[in-house]
Amino acid sequence: FHNAPMQMGMPSLLNAHLEAFWPQPGVYARGVHTRETAAAQEKQALGSSQKNIKAFETAVAESGYAGLPRYHSRAVSGAYLALRGELLALLELRRQCQARTDVKGG
């Protein structure tokens, strides 16, 4: 026997970059982990700006999906995190587009 964690198959948890990762040994609820990872994605991309958070909430509402997944399989959790990542990228593109418009118009 060795002390290294047994790593067989594919881990069922994803990080904020949608990469599979091996957590420390223990029990993890995928739904809780997904919510925590989504919150970390938001915080990293938006910071604490209320304006950015409101814009993100608007983008989520525009997407037509405003809730947490009901079923937390690896695929569903991954798709949920990917959708949130895409919405964060959309917000960044909108911000860049607005900045270019402001520079050209100003």
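The coordinates are above.
Nothing here was measured: the structure is a model prediction, and the numbers come from that model.

**Q** Now, about the overall build of the chain: what can you tell me, with residues and values included?
**A** Along its length, the chain carries three helices and zero strands. Tracing the chain from N to C terminus, the helices and strands come up as α-α-α. By the compact-globule yardstick of 13 Å for 106 residues, the chain is too spread out, its C-alpha radius of gyration being 17 Å. In terms of its C-alpha atoms, the chain occupies a principal-axis envelope of roughly 70 × 30 × 20 Å. By the burial criterion, 23% of the 106 residues in the chain qualify as buried.

**Q** Residues and numbers for the pattern of salt bridges, please.
**A** Taken as a whole, this structure holds three salt bridges when the rule is applied. In this structure, the salt-bridge partner of Arg 84 is Glu 42, at a minimum N-O distance of 2.0 Å. Pair noted here: Arg 84 is in helix α3 (residues 74–105) and Glu 42 is in helix α1 (residues 30–46), with a separation of 42 residues, a long-range link. Taking the relative accessible area as the measure of exposure, Arg 84 reaches 11% and is therefore buried. Since its relative accessible area comes to 22%, Glu 42 is described here as partly exposed. Residues Arg 94 and Glu 62 are paired through a salt bridge, measuring 3.0 Å at the closest nitrogen-oxygen approach. One end of the pair, Arg 94, is in helix α3; the other, Glu 62, is in helix α2 (residues 50–63), and 32 residues separate them in sequence.

**Q** Explain the packing of α1 against α3 residue by residue, including any values.
**A** Interhelical geometry of α1 versus α3 gives an angle of 10° and a closest axis separation of 10 Å. As the angle between them shows, α1 and α3 are arranged roughly parallel. Crossing angle aside, the handedness with which α1 passes α3 is right-handed. Packed against α1, whose contacting residues are Arg 30, Thr 34, Thr 37, Ala 38, Gln 41, Glu 42, Ala 45 and Leu 46, the element α3 presents Arg 74, Ser 77, Tyr 80, Leu 81, Arg 84, Gly 85, Leu 88 and Leu 91 at the interface. A breakdown of the residues in the contact of α1 with α3 according to their chemical character gives seven nonpolar, five polar and four charged.

**Q** So, the packing of α2 against α3: which residues are in play, and what are the values?
**A** Any two packed helices are characterised by the angle at which their axes cross and by the distance between the axes. Between α2 and α3, whose axes approach to 10 Å, the crossing angle comes to 120°. Between α2 and α3, the angle is such that the two are oblique. For α2 against α3, the interelement crossing comes out right-handed. Here α2 contributes Asn 52, Ala 55, Phe 56, Ala 59, Val 60, Glu 62 and Ser 63 to the contact with α3, which in turn contributes Arg 84, Leu 87, Leu 88, Leu 91 and Arg 94.

**Q** With reference to specific residues and values, describe the nonpolar core.
**A** Leu 46, Phe 56, Ala 59, Val 60, Leu 87, Leu 88 and Leu 91 together form the largest nonpolar core, which totals seven residues. Within the residue set of this core, elements represented by two or more residues are α2 and α3. Excluding residues that lie within four positions of it along the chain, Leu 88 makes contacts with Gln 41, Glu 42, Ala 45, Leu 46 and Phe 56.

Cut-offs and rules
Residues numbered from 1 in each chain as written. Predicted model: local features only at pLDDT ≥ 70, side-chain atom pairs only at ≥ 80, totals over all residues. Heavy atoms only, no water. Helix = DSSP H or I, 4+ residues; strand = E, 2+ residues; numbered from the N terminus. Rg over C-alpha atoms; globule rule 2.2 N^0.38 Å. Buried < 20%, exposed > 50% of the residue type's maximum accessible area, 1.4 Å probe, protein only. Salt bridge = Lys/Arg side-chain N within 4 Å of Asp/Glu carboxyl O. Axes fitted to C-alpha atoms, helices over the stretch in contact; angles between N-to-C directions. Parallel < 35°, antiparallel > 145°, perpendicular 65-115°, else oblique. Left-handed = near helix turned anticlockwise from the far one by under 90°. Contact = heavy atoms within 4.5 Å. Nonpolar A, V, L, I, M, F, W, Y, C, P; charged D, E, K, R; others polar. Core = buried A, V, L, I, M, F, W, Y, C linked by side-chain atoms within 4.5 Å.

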